[in-house]
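Examining the three-dimensional arrangement
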Amino acid sequence: MLKDVPYHTLKRDERAYEILMLRDRYNNTFAAIAREYGISPMRARQIYVRMKREQSRLYIRHISIVLGHETTKDVTADFRAAYLRYQSLPYACAYLEKKYRDILKDYRAGEPGTPEQVIKRLPLSKREPSRAMIARMVEMRDIEKATFPAIAREMRITPEKAKYLYDSFYHRKVLAHIEALQKTAKTPAEKQAIWDRYFRGTRSPKKRYEMILEEKAHEQPPSPKAPRG
């Protein structure tokens with residue numbers, strides 16, 4: 001049997017709750033939040049993500065109880081589908097707030113949620129990206145030097161989803177190259193060495209693919225056979 005947890009428990013850590021509000025309500029950058037609290041931008045981001053995860057868990061549990069579910073399974077699946085669609089935790093929470101508006105408004109008991117203008121801009125497209133759509137994204141990013149927000153506006157998706165699809169495009173190319181090389185490896189250690197060569201460090205998928213192209217450009221072409229006779 002699910003037990004409801006009051007929304008105000010989210011405010012137990014006052015500083016963390018303030019960081020959540022500064023980001024969600026006023027769209028403050030993590031750099032600005034970091035300056036306000038004397039912490040690093042990375043730490044500000046970590047606190048924000050932790051709070052959004054806790055908020056989503058509270059939402060999911062409460063919605064499940066109001067709908068009469070015995071577990072959170074169904075609402076969790078709905079939330080995860082939204083996250084995969086948007087590739088964004090804030091947008092996935094906003095999705096719950098839009099779909100279950102009255103339930104969550106009552107649950108928050110006067111505490112603010114996602115701003116209405118964000119809710120209204122929430123991309124609703126559920127279509128899977130086509131090859132043509134991804135090719136257009138890559139063209140916009142690589143040739144036209146478009147930002148991910150600009151790509152997102154044209155494709156009617158979130159900037160996070162645009163970046164995810166762009167990175168995935170090059171990640172698949174890198175994996176295909178690695179798999180081809182590993183077929184020639186004679187030992188598990190050789191296979192691991194091939195993997196480590198490309199995935200060591202923090203390169204983006206695009207940078208890894210550029211590394212592969214550079215290696216191929218420096219490969220020596222096979223020597224032509226001497227003519228017979």
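These remarks concern the structure in this document. All values reported here derive from a predicted model rather than from experimental measurement. (Residues numbered from 1 in each chain as written. Predicted model: local features only at pLDDT ≥ 70, side-chain atom pairs only at ≥ 80, totals over all residues. Heavy atoms only, no water.)

A word on the overall build of the chain
Test applied: Only DSSP runs of H or I covering at least 4 residues are called helices, and only runs of E covering at least 2 are called strands; the numbering of each starts at the N terminus. We compute the radius of gyration from the C-alpha atoms alone; for a globule the expected value is 2.2 Å times N to the 0.38, where N is the number of residues. For the exposure calls, accessible area comes from a 1.4 Å probe over protein chains only, and a residue counts as buried if that area is under 20% of its type's maximum, exposed if over 50%, partly exposed in between. The criterion used for residue contact is that any of the two residues' heavy atoms lie within 4.5 Å.
Along the chain, the regular secondary structure elements total 12 helices and 0 strands. When the helices and strands of the chain are placed in sequence order, the string is α-α-α-α-α-α-α-α-α-α-α-α. Radius of gyration (C-alpha) of the chain: 24 Å, far over the 17 Å computed for a compact globule of 229 residues. Structurally, the chain occupies a C-alpha span of about 95 × 45 × 40 Å along its principal axes. A total of 229 residues make up the chain; the buried ones form 39% of that total. The contacts in the chain between residues at least 6 apart in sequence include a share of 56% that link residues at least 24 apart.

A short note on the environment of Arg 50
Mapping Arg 50 onto the fold places it in helix α3 (residues 41–66). Exposure remark for Arg 50: the relative accessible area of 39% places this residue in the partly exposed category. Sequence separation between Arg 50 and Ala 16 is 34 residues; the distance between their C-alpha atoms is 8.8 Å. In this structure Arg 50 touches Asp 13 and Ala 16, once residues within four positions along its chain are discounted.

Focus: helix α1 (residues 14–26)
This is how it is decided: Expected helix span is computed as 1.5 Å times (number of residues minus one).
Its 13 residues place the ends of α1 17 Å apart at the C-alpha level, agreeing with the 18 Å of an ideal helix rising 1.5 Å per residue. Every buried residue of α1 is accounted for by Ala 16, Tyr 17, Ile 19, Leu 20, Met 21, Leu 22 and Asp 24. Those residues of α1 that are buried are in contact with α2 (30–37) and α3.

A closer look at the nonpolar core
Condition: Put simply, a nonpolar core is a bunch of buried Ala, Val, Leu, Ile, Met, Phe, Trp, Tyr and Cys residues held in one set by side-chain atoms that sit within 4.5 Å of each other.
Counting residues in hydrophobic clusters, the biggest one holds 38 residues, and the most contacted among them are Ile 63 and Leu 96. Those elements giving two or more residues to this core turn out to be α1, α2, α3, α4 (73–86), α5 (89–99), α6 (101–108) and α7 (116–121). Beyond its immediate stretch of four places on either side in the chain, Ile 63 contacts Val 75, Leu 96, Tyr 100, Ile 103 and Leu 104. Among the nonpolar cores identified, the runner-up in size contains 15 residues, and Val 138, Ala 146, Ile 157 and Tyr 166 belong to it.

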